[in-house]
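# Report on the structure
The residues making up each chain are set out below.
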Amino acid sequence: MPSFPEPQWFLALGRLMEAEGALFQRLGFAETRFVVRVIPDEGANGGEKLIGLVIDGYRLSEAASVDDLDRFDPDFVICAKRSVWERMLAEIAESGRPSLRHTLSSLALVGEEMWLESSDQLREDKFYRYNQTLQELLNLASRVSG
Amino acid sequence: MGTVHIKDEERIGSEARVKLEPSVYLQKLYQTGTPDLGWMNNMAEWGIRAKPGNLGLRLKDIEIGSYGIVPDHGSDHRSMAPRGSVIPEGVPSLGFTLNEKAEVWAENAAELYEEAVARQWSSARDIPWSELKPLPDDLERAMCQLCTFLTEVEFIAADAPTRWMSHMNQDFFEVKMFLATQAMDEARHTDVFRKRALANGGGLGVASALSELSLKRIFDAPSFSAQTGRLHLLGEGFVLTLFRQGEFIAPSRVDQEIFRRCMQDESRHVGYGTMHLRAQLKANPAVAEEIHEQLDDAERILLETFSVPEQVEPMAILMGGGIKHFDKGMEMQGQLWRRIVHEYLQRCDSAGLDRRPRCILPTDFSKLFEAPQNAVVS
Ligand SMILES: [Fe+2]
């Protein structure tokens, strides 16, 4: 079973996204390439993980480990420690969505536990333009085993 | 085919002031029975076969051959004859005054138009109104005051740019179509915040003379680009952050859905504004001074809004989670202020406007209350 943040885990989300066609069609298409950056907690083993994701309309068309951020050229990078990602996933597993102040947008707004990195504000703004799609995609995690 | 019965048919035209002249063409057609068909040999570029992409047939998919060329100077006929069609003699001018591409264009206009159409939502259908629960009185009053402010200011971003829309050369129809979606978005924002204020035991709060002043200045902007700097870059950029704050402070999922969806719409508007200014400033660097002047004044008015309690306190109450935690709310607002300034300046950078030396927004929120009053608002 793939587990977060392996690319296979994101690809499983992507398959659910396609199965949930109607929900994402109603939200409207999204076109963005971004990176999920998972930073190890203090004292934890292992380095950070960068997963490059591409949403092409109503599907997640790509999920792969990224070695070279510049080459992947993301619109934005969503950065958080592993424990913050895991808390969000635990809340999603519990009730289908994160608690009110733990959504992607809320956490990134405060900028302490989660933050965005981008070379261009216009590209970073895609995080907001497609925010509902990004959140709903992540909310599907409650149905990915592993 | 059955005959359509038209009420009082014998009365039609009985008092007409204009005499109907028979059509020479139709007379000939009925006499000879032979259609003219000359128009069939008078088509524009022919044989075009646009291919839909993975998201259907979008505007970018029909930017083919001569149809994909957006002229630097809009057509002299100044009519709505479609770009790329055969233009006959004698089409009347509609008097368009924005005829230079750089005056209105943004490279992302067509993309944002398609995205806006695809990502429309309904405040009646898509907000889970039935989940709305009574809130503590202070939170409900704060939310209603915030909604009053938002429902007051949102429609300016429909009313103001559409004043210019009718002056834009039709060759730049992608921009007009995008602005039409923006007007629709703002209608929805106006409606959803009014609905929210009236849906949970509260009502509207107090309107704002300062907000009205900033709206008036947007109306009075001397050019479309000047207005874009003021409206899309600063105004909507600020409101975008407010919507994000709204998503964060939402006391319920209903409020969260409202703010998140508005945030998505708003970032399209900011995206258009940034790209328009980028195109305009690249073509006409001298326009920068006009935009700077607008922003000098707009930044000043934005700072003035922090001089009245009804603008400051609702957000602090919502941020803190109630009057009891007002200080905490103010502290968070101070922290977020830095982000507002940072993102605004980043957008100016992205547009190609070096705003940093001229910007009067302090990066530190405490400057707003530590500095002498006249230093802030002069
Ligand atoms: Fe807007």
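In case you missed it, the structure is sitting above this.
These lines cover the structure that appears in this document, whether it is placed above or below. (Residues numbered from 1 in each chain as written. Chains lettered and ligands numbered in written order. Predicted model: local features only at pLDDT ≥ 70, side-chain atom pairs only at ≥ 80, totals over all residues. Heavy atoms only, no water.)

All names here are of chain B. For the iron ion, the protein coordination sphere consists of Glu186 (OE), Glu236 (OE), Glu266 (OE), Glu266 (OE) and His269 (ND1), at 1.7 to 2.8 Å. Taken in sequence order, the residues that donate to the iron ion follow the motif E-x49-E-x29-E-x2-H. Here Glu236 is found in helix H7 (residues 224-249), whereas its partner His269 is found in helix H8 (residues 253-283), with 33 residues between them in sequence. Across the pair, His269 and Glu236 agree in class, each one buried. (Donors = N, O, S within 2.8 Å, 3.2 Å for Na, K, Ca; no water. Helix = DSSP H or I, 4+ residues; strand = E, 2+ residues; numbered from the N terminus. Buried < 20%, exposed > 50% of the residue type's maximum accessible area, 1.4 Å probe, protein only.)

The subject of this paragraph is the packing of aromatic side chains. Taken as a whole, this structure holds 15 aromatic pairs over all chains when the rule is applied. One aromatic cluster is present, built from ring pairs that chain together A:Phe4, A:Trp9, A:Phe10 and A:Trp85. The ring centre of B:Phe248 lies 4.3 Å from the NZ or CZ of A:Arg101, which sits over that ring. Taking the ring centre of A:Phe29 as reference, the NZ or CZ of B:Arg58 above it sits at 4.9 Å. (Phe/Tyr/Trp six-rings, centres within 6.5 Å; stacked < 30°, edge-to-face > 60°. Lys NZ or Arg CZ within 6 Å of the ring centre and 35° of its normal.)

Moving on: the layout of surface pockets. Where empty space is left can be seen by rolling a probe of water-molecule size over the atoms. Estimates place the volume of the largest pocket at around 310 Å³. In this structure, the largest pocket is lined by 18 residues; those nearest its centre are B:Lys60, B:Glu63, B:Glu107, B:Ala110 and B:Glu111. Contributions of two or more residues to the lining of the largest pocket are made by helix H7 (126-129) of chain A together with helix H2 (109-118) of chain B. In terms of residues, the lining of the largest pocket owes the most to one element, H2(B), which gives four residues. The residue inventory of the lining of the largest pocket, partitioned by class, reads seven nonpolar, no polar and 11 charged. (1 Å grid on protein atoms, 1.4 Å probe; cavity = no way out; pocket = protein on both sides within 12 Å on 5 of 7 lines; lining within 4 Å. Points joined across faces, edges and corners; volume = space filled by probe spheres on them. Nonpolar A, V, L, I, M, F, W, Y, C, P; charged D, E, K, R; others polar.)

Right, let's get into the pairing of strand S1 (residues 30-39) of chain A. Residues and elements named next belong to chain A. With eight of 10 residues buried, S1 is to be regarded as a mostly interior element. Two strands pair when backbone bridges link them, and S1 and strand S2 (residues 49-57) are joined in this way by nine bridges, in the antiparallel orientation. What sits directly across from Phe34, in S2, is Leu53. Direction of pairing for S1 relative to strand S4 (residues 76-81): parallel, over a ladder of six bridges. Bridge pairing links Val38 to Ala80 in S4. (Pairing = 2+ DSSP bridges.)

Moving on: helix H6 (residues 209-219) of chain B. All names here are of chain B. Among the residues making up H6, those that are buried are Leu210, Ser211, Leu215 and Ile218. One face of H6 carries all of its buried residues, which in axial projection span an arc of 140°. Among the structural elements, helix H3 (137-153), helix H4 (156-165), H7, helix H9 (287-304) and helix H10 (309-320) are those in contact with the buried residues of H6. The residue sitting at the N-terminus of H6 and contributing the capping side-chain oxygen is Ser208; that oxygen lies 3.2 Å from the backbone nitrogen of Leu210. (Arc of directions from axis to C-beta. Contact = heavy atoms within 4.5 Å. Polar contact = N/O pair within 3.5 Å; in protein donor to acceptor, adjacent residues only side chain to side chain.)

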